[in-house]
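Observations on the model geometry
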Amino acid sequence: MRKGALLRFFVVIFAIIGIFACTVGWLAGHIRQGLDLQGGTHIVMQAEDTDQNKVTPEAITQVINIMQKRVNEMGLTEPIIQREGSNRIIIELPGEKDPQKAIDTIGKTAVLQFKDEEGNVRLTGEDLKDAKEQLGQNKQPLVSLKFSDEGGKKFADLTAANVGRHIGIYLDGEMLTNPVVNEAITGGAAVITGQRTLEEAKDLAILLRSGALPVKMSVLEVRTVGPSLGQDSKDKSIVAFTIGLSLVVLFMLAVYRISGFVADTALLVYVLILLGVLYLLHATLTLPSIAGVILSIGMAVDANVLIFERFKEEIQEGKILRLAVQAGFKRAFVTIFDANMTVIITSAILFFLGSATVKGFALTLGLGVAVSMFTAITVSRTLLMLLIDANWIHNPWWFGGGKGV
């Protein structure tokens with residue numbers, strides 16, 4: 001028995017177990033959670049043609065960008081806004097409990113217009129540089145507007161020509177306020193009053209800062225997932241993950257003994273790498289994607305099963321342990337590569353052609369298979385060679401082989 005090699009084996013094993021125990025909880029907790037796990041609001045909106053604006057691919061792209069700005073300024077965590085088909089947009093807002101507020105903020109066209117008493121449009125939201133909510137002198141909520149250089153000149157000319165008259169400020173055709181001009185206003189600034197709360201002023205400021213949507217959007221579907229339902233889904237997913245992982249671990253120990261223990265240790269590395277990759281990719285974990293993770297757990301040891309079965313055949317042919325392990329890995333590699341590549345290719349097709357829920361499943365399954373192939377070929381082999389180099393166990397039975405000597 002070589003004590004130095006055996007010590008290295010156990011140091012590596014305990015290091016893997018320790019790192020797994022210390023980091024797996026943090027990684028799992030910091031991966032983005034989808035609507036079905038966290039709860040929130042799911043909205044489907046459809047772009048519609050009008051006499052003024054037609055629905056085009058460019059317009060839909062612009063709508064998504066503007067909606068993304070509005071959602072980000074609402075302070076919601078990990079929103080998902082994506083195109084579906086040619087004229088629909090899916091919006092998922094984890095943690096948002098008020099769907100109507102979300103629709104009012106995200107889906108409004110938000111066309112801002114300044115009109116004189118004759119109804120002529122003299123300024124629009126395109127002349128704005130910034131908009132911020134604030135409290136006035138009497139703690140009155142209002143929206144402070146800052147015009148661009150050109151917009152400031154237009155506003156100065158408008159107020160100078162309408163002293164003693166009304167200037168109406170409209171949003172999507174609805175009057176927000178209709179103040180009387182007392183004197184010409186220069187400096188490129190104005191205010192909009194009439195909001196009941198500072199929160200209303202903030203929502204209006206968000207709309208004005210993000211700009212107007214290029215086409216009209218209508219709501220097709222609104223679905224709310226409660227936090228309790230999301231938590232229930234999360235709890236069940238954790239139970240399913242734990243059961244799946246435990247059964248795989250027990251099966252490998254029962255059938256392949258020490259080799260199974262090595263495979264189980266490599267499985268811990270697999271879980272850490274997979275969660276780490278999902279975290280770095282800012283992937284969103286949903287129920288379908290968790291299903292992909294759980295499915296890939298079983299496939300993660302599939303490569304080890306092929307290797308160990310080849311290893312058993314080499315042992316039965318009379319080879320020593322070291323040569324049997326090397327031959328098992330070498331001869332099983334082609335089969336492992338072919339089998340995993342077919343799954344990865346299928347996952348890639350599902351990811352690029354599937355819907356949003358299918359994409360999540362395809363991503364975790366494809367990544368899981370790729371990572372499992374890496375851990376089986378590198379981590380499992382390294383650990384087995386360390387153990388064999390220690391010359392601690394000689395009986396092939398402990399490696400899943402026959403009774404040995």
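To keep things clear, this report deals only with the structure shown in the data block. (Residues numbered from 1 in each chain as written. Predicted model: local features only at pLDDT ≥ 70, side-chain atom pairs only at ≥ 80, totals over all residues. Heavy atoms only, no water.)

1. A short note on the nonpolar core
To keep it simple, the criterion reads: Residue types Ala, Val, Leu, Ile, Met, Phe, Trp, Tyr and Cys, when buried and joined through side-chain atoms within 4.5 Å, form a set referred to as a nonpolar core. Residue exposure (1.4 Å probe, protein chains only): buried if accessible area is under 20% of the type maximum, exposed if over 50%, otherwise partly exposed. Helix and strand assignments come from DSSP, with helices taken as H or I runs of at least 4 residues and strands as E runs of at least 2, each series counted from the N terminus. It only takes one pair of heavy atoms within 4.5 Å for two residues to be counted as in contact.
One finds Leu-267, Tyr-270 and Phe-399 to be the most contacted residues of the largest nonpolar core, which totals 56 residues. Listing elements by their share of this core, those giving two or more residues are α1 (3-30), α7 (227-280), α8 (287-300), α9 (302-316), α10 (321-353) and α11 (356-389). Ranked by the residues each element gives to this core, the list is headed by α7, at 17 residues. Leaving out residues up to four positions away in the same chain, Tyr-270 has contacts with Val-293, Ser-296, Ile-297, Ala-300, Gly-368, Val-371, Ser-372 and Thr-375.

2. Overview of the packing of aromatic side chains
As a reminder of what qualifies: Each Phe, Tyr or Trp ring, with Trp reduced to its six-membered ring, pairs with another whose centre is within 6.5 Å; inter-plane angles below 30 degrees give stacked pairs, above 60 give edge-to-face pairs, and intermediate values give tilted ones.
Applying the stated criterion to the full structure yields nine aromatic pairs. Aromatic side chains Tyr-256 and Phe-308 sit 5.3 Å apart centroid to centroid with 55° between the ring planes, which places their arrangement in the tilted category. Linking Tyr-256 in helix α7 with Phe-308 in helix α9, this pair joins segments that are 52 residues apart in sequence. With relative accessibility at 2%, the residue Tyr-256 sits in the buried group.

3. Examining the side chain of Asp-264
Note the following rule: Asp and Glu are treated as the negative residues and Lys and Arg as the positive ones, with His and the ends of the chain left uncounted. Here, a salt bridge means any side-chain nitrogen of Lys or Arg that lies within 4 Å of a carboxyl oxygen of Asp or Glu.
Along the polypeptide, Asp-264 turns up in helix α7. This buried residue, Asp-264, is left without a salt bridge; Arg-257 holds the nearest opposite charge, at 12 Å. The residues touching Asp-264, leaving out its near neighbours within four places in the chain, are Val-248, Val-249, Met-252 and Leu-253.

4. Let's talk about the pattern of salt bridges
It is possible for side chains of opposite charge to pair when their charged atoms get near one another. Scanning all chains against the criterion turns up eight salt bridges. Put simply, Glu-117 and Arg-165 hold a salt bridge, and the shortest N to O gap is 3.2 Å. Highlighted residues: Glu-117 in the loop between β5 (112-115) and β6 (121-124) and Arg-165 in the loop between α5 (149-161) and β9 (168-171), separated in sequence by 48 residues. Between Glu-150 and Lys-154 there is a salt bridge, and its shortest N-O distance comes to 3.9 Å.

5. Side note on a nonpolar patch on the surface
Rules: Patch membership requires over 30% relative accessible area and the absence of a salt bridge. Like charges are linked within 9 Å, and nonpolar side chains (Val, Leu, Ile, Met, Phe, Trp, Tyr) within 5 Å. To measure how exposed things are, a 1.4 Å probe is used in the Shrake-Rupley method; for residues, cover is taken only from the protein chains shown.
The grouping of Ile-345, Ile-349, Phe-351, Phe-352 and Leu-353 at the surface amounts to a nonpolar patch, some 550 Å² of accessible area in total. Here Ile-345 is to be found in helix α10.

6. Quick word on unusual backbone geometry
For Arg-257, which is not a glycine, the phi torsion comes out positive at approximately 50°. Within the secondary structure layout, Arg-257 lies in helix α7. Even without glycine at this site, His-282 takes up a positive phi of about 55°. Within the secondary structure, His-282 is located in the loop between α7 and β13 (284-285).

7. Concerning the sheet that holds strand β11 (residues 189-192)
The test is simple: A pair of strands is treated as paired once DSSP finds two or more bridges between them. The axes are straight lines fitted to the C-alpha atoms, using for helices just the contacting stretch, and the angles between their N-to-C directions are given from 0 to 180°.
Read from one edge to the other, the open sheet built from three strands follows the order β7-β8-β11, with strand pairing classed as antiparallel. Of all the strands in the sheet, just β7 (128-135) and β11 have a single pairing partner and so form its edges. Across the sheet, the mean angle from the axis of one strand to that of its neighbour is 25°, orientation sign disregarded. Here four bridges tie strand β8 (residues 141-147) to β11, and the two strands are oriented antiparallel to one another. Its bridge partner lying in β11, Lys-146 is registered against Ala-189. Against the sheet, α5 contacts β8 and β11, and its axis sits at roughly 110° relative to β8. The strands touched by helix α6 (residues 198-210) are β7, β8 and β11; relative to β7, the strand with the most contacts, the crossing angle is about 175°.

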